[in-house]
Amino acid sequence: MTALALAVYGVALVVAGVAVWRRPVLALYAFIVGLAFHNAAIDALYAAGVRGHSLTAIQAWKDVLLLVALARVALDAARARRLPFSPQLPDGLALAFAAIVVLYALIPQHALDGHATHRAVAYALRHDLTGVGAYFLGRAVVPRLREVRWLVLAAAAAVAAWGLIDVYAIDLDWWRRNGTVGYFRDQLKYPYGPGLSHLPENFVYNTGNEGELTRRLISTFLSPLGAAYLCAVALLLAPRTRAAIPLAAVVAIGLLWTHTRAAVVGLAVGLVILAAVCRRAWPLAAAGATLAAGFVLLAVFPDIGPRAHFTRDELTYQRAHASATGPTTLEPSTESHLGNLREGLTTVAHHPQGYGLGNAGEVAFREGVPLKAGESNYTELGVETGLVGALLFIAWNVALLVYLARRREGAVAAALAAVLFVAVQTDAYGIPWLACCMWWLAGSALTGWPPAQSRATERLE
């Protein structure tokens, strides 16, 4: 099976690489669709017996296409002896952030009191630079916004629809037995505990009733967070036409069924930004309705959501854990998020020079490196690249938002604002779909959409 999978993958990657070399914009379309289904596909390959370095090689398709597109853009710029876009402030800040990331990758760990392995540094380097690479691709390779908006909405609707089918039609026991545990534990090296049979604990919401759980929509992302953030971005980018309403409705339901409060608030923040940029009142009303409906549904979700149950071993662990540490829930609470944020800010304040790449976030968690900060993108970057690196990342994105607002690119500015908001409590920048697609679109919006498009319509939307 492994040999066959690698053969098919090799042929497909060569074909895709040639296509992207000829038309780099195809990489964006591949990311929008492919990264929405990437985790489920790789999980299925693991269950079929494709594992280890072979599966890692297959997982790298997104990195290969990103590098091929960047190489083509760089070659064209070198031949023309000019940049394919007019440099602006966000470009300089993005380059400065990338430079400090590379610098911190080269500084020996012991010089900064860090403990990351070489592999952790390499993973962190990819994590921190993927969004920068996608941004500059967007500056140079501009898609047609209308096509992208429909494609993002369709991908999100497919993710939401499958997720809704999964939580009601597929028992949680299937996820415990189908190989997903091994995929997370052995392939990705996530040391999840026995609280949910070594599955990610955010697969479910603990209602507090003995043995009872409520399933959260994880869909093809195998994560309620990834699915939720895609849905929020899709709703902000959705075409403002009647034909889009059925798809948007499915996406909205999917977002609520992820039971992710940050995504609901992020969507509302995006709508407020949309109202400010477009100078219209309806997004403000939509923001209020989003918050009201979202939090009402989240409150009643344990009563109407898809049910599941702890196994006997899980219950034994939960009781022992509760007696040792006090009552807990499987879903991180707002208090926990705020606590992690405070701890991360304190760490950055006390060690502003940073610890070097690989000492924070999921990379450190997976590689067994002592975790200096987690969850928030901003504290993670502060731990890895120092206070200067974190401030450069913030300055780059704030400048990008300001420039998009000046250009009246409402939809893209709103989506970017929503992502930057949820990044306060989670590693949104590290989700490949967001890093590759959101920052590519932000870069393209700064450059300007193709003249054949009705820019007046797109900007107001």
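Cut-offs used in this document
- Residues numbered from 1 in each chain as written.
- Predicted model: local features only at pLDDT ≥ 70, side-chain atom pairs only at ≥ 80, totals over all residues.
- Heavy atoms only, no water.
- Salt bridge = Lys/Arg side-chain N within 4 Å of Asp/Glu carboxyl O.
- Helix = DSSP H or I, 4+ residues; strand = E, 2+ residues; numbered from the N terminus.
- Buried < 20%, exposed > 50% of the residue type's maximum accessible area, 1.4 Å probe, protein only.
- Pairing = 2+ DSSP bridges.
- Axes fitted to C-alpha atoms, helices over the stretch in contact; angles between N-to-C directions.
- Arc of directions from axis to C-beta.
- Contact = heavy atoms within 4.5 Å.
- Left-handed = near helix turned anticlockwise from the far one by under 90°.

Peer 1: When you look at the pattern of salt bridges in this model, what are you seeing that I'm missing?
Peer 2: Side chains carrying opposite charge are able to pair once their charged atoms draw close together. If you walk through the whole model with that rule in mind, you get nine salt bridges. Note that Arg139 and Asp91 form a salt bridge whose closest N and O atoms lie 2.8 Å from each other. In this pair, Arg139 sits in helix α6 (residues 118–140) while Asp91 sits in helix α5 (residues 89–106), placing the two residues 48 residues apart along the sequence. Assigned by exposure class, Arg139 and Asp91 land together as buried. Linked through salt bridges whose partners overlap, the residues forming this network are Asp173, Arg176 and Glu314.

Peer 1: What am I meant to see in the sheet that holds strand β3 (residues 307–309) here?
Peer 2: To summarise the sheet geometry, strands pair through backbone hydrogen bonds and adopt either a parallel or an antiparallel arrangement. Overall, antiparallel pairing links the three strands, which are arranged β1-β2-β3 in an open sheet. The two strands at the open ends of the sheet, each matched to only one other strand, are β1 (204–206) and β3. For this sheet the average axis-to-axis angle between neighbouring strands, irrespective of direction, equals 40°. Sheet topology places β1 next to strand β2 (residues 212–215); three bridges connect them, and they run antiparallel. Residue pairing across strands places Asn206 opposite Leu213, the latter belonging to β2.

Peer 1: I'm lost on helix α3 (residues 52–59) in this one. Help?
Peer 2: For an α-helix, 3.6 residues make a turn, and residues three or four places apart therefore share a direction. Here α3 has its buried residues at Ser54, Leu55, Ile58 and Gln59. The buried residues of α3 occupy an angular sector of 140° when the element is viewed end-on, so they sit on one face. Buried residues in α3 make contact with α1 (2–22), α2 (25–47), α4 (61–80) and α9 (180–187).

Peer 1: Just to check I follow, could you spell out the packing of α6 against helix α19 (residues 432–447) for this structure?
Peer 2: Remark: α6 packs on α19, axes separated minimally by 7 Å, with the N-to-C direction vectors making an angle of 35°. Handedness of the α6/α19 crossing: right-handed. Contacts between α6 and α19 involve Thr130, Gly131, Ala134, Tyr135, Leu137, Gly138 and Arg139 from the former and Ala435, Cys436, Trp439, Trp440, Gly443, Ser444, Leu446 and Thr447 from the latter.

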